[in-house]
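Close look at the chain arrangement
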Amino acid sequence: MKIIIDSADKISGMAAAIIAEHAKANPGCAMAFAAGRTTKRVYEALTAMDVKELAACKAFTVCEYEGLEDGDQRSCAYRLNDELYSKVGITKIYTPTVDDADKFDAEIEACGGLELAVLGIGTNGHIGFNEPATPYDSYTHSVLLTDKTKQMNAELFSGTENVPDNAVTMGLKTICDAKNVILVAFGSEKAEIIHQLVYGKTSTYVPAAMLQMHMNMTLLLDEEAAEKIK
Ligand code: GLP
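Summarised in this report is the structure supplied together with it. Nothing here was measured: the structure is a model prediction, and the numbers come from that model.

Turning to a nonpolar patch on the surface, a few remarks are in order. Nonpolar side chains collect at one region of the surface, where Met 1, Ile 3 and Ile 5 lie side by side and expose about 220 Å² of accessible area between them. Topologically, Ile 3 is positioned in strand E1 (residues 2–6). Judged by relative accessible area, Ile 3 falls into the partly exposed class, the value being 34%.

A few words on the environment of Ala 208. The residue Ala 208 is located in the loop between helix H7 (191–199) and strand E10 (217–222) in this model. On a C-alpha basis, the gap between Ala 208 and Leu 183 in space is 9.3 Å, while along the polypeptide they are 25 residues apart. Look past the residues within four positions of Ala 208 in its chain and what remains in contact with it is Ile 121, Gly 125, Ile 127 and Leu 197.

Taken together, 14 residues form the shell around the ligand, and within it Arg 37, Thr 38, His 126, Asn 153 and Lys 190 come nearest. Note that an oxygen atom of the ligand is positioned 3.0 Å from one of the side-chain N or O atoms of Asn 153. Bound to the protein, the ligand loses 97% of the 390 Å² it would expose on its own. In terms of residue class, the shell around the ligand is made up of six nonpolar, six polar and two charged.

Calculation rules
- Residues numbered from 1 in each chain as written.
- Predicted model: local features only at pLDDT ≥ 70, side-chain atom pairs only at ≥ 80, totals over all residues.
- Heavy atoms only, no water.
- Patch = residues over 30% accessible without salt bridge, like charges linked within 9 Å, V, L, I, M, F, W, Y side chains within 5 Å.
- Areas by Shrake-Rupley, 256 points an atom, 1.4 Å probe, with all protein chains shown as cover.
- Salt bridge = Lys/Arg side-chain N within 4 Å of Asp/Glu carboxyl O.
- Helix = DSSP H or I, 4+ residues; strand = E, 2+ residues; numbered from the N terminus.
- Buried < 20%, exposed > 50% of the residue type's maximum accessible area, 1.4 Å probe, protein only.
- Contact = heavy atoms within 4.5 Å.
- Near = heavy atom within 4 Å.
- Polar contact = N/O pair within 3.5 Å; in protein donor to acceptor, adjacent residues only side chain to side chain.
- Nonpolar A, V, L, I, M, F, W, Y, C, P; charged D, E, K, R; others polar.

So, to be careful, I would describe these as geometric facts and stop short of saying anything about function.
This is how it looks when you write it as structure tokens:
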């Protein structure tokens, strides 16, 4: 695992540059994008770079809440479209749904697999919405969100009680099958889980720790998120 530590602004720029490099080197490739406060900063840096090749990429949204109307501004699909896809001209967009989970994985395969997965991390170690105890060999599937994850996303829904109970997510196998993975984390609230990601046992209780075994994994951290691994 490669680990890069710098200021959040510089890290956002570095993550954006990695995405741009893959888009340029692999015309029309498939990439997975996670929504979140952290990755939003990466997408801001990326859209400012004016990378023409991004428009041809196929974008797979890593996860989505269940039960939201199409176009709901809180959905991952809406936010990613607003923050990234529409700004760089990506039109081939795939969002997982419970009914079409198998089709979603088949679409990734039909594209030749994911060239790059762009991830954030939950304070309980979730990636996408793969909560603790998700099997390593999981493909896209429906999940029951934990209270911790709902609390993490409460602001978006104006209260924990309004966060949907269920979501659909790329599985851990789907994510780890990506040829390259970047995971970005900012802030001291992520420091403990980043320590577990890097040094913890690979256990299903910390889903992100599975990335220790990925051959092309880059962890991009600001100083605060890295404070327990320095
Ligand atoms: C959310 C999303 C993830 C995201 C993570 C971190 O629950 N499902 O895809 O990467 O948690 O979010 P944030 O960057 O807002 O802390």
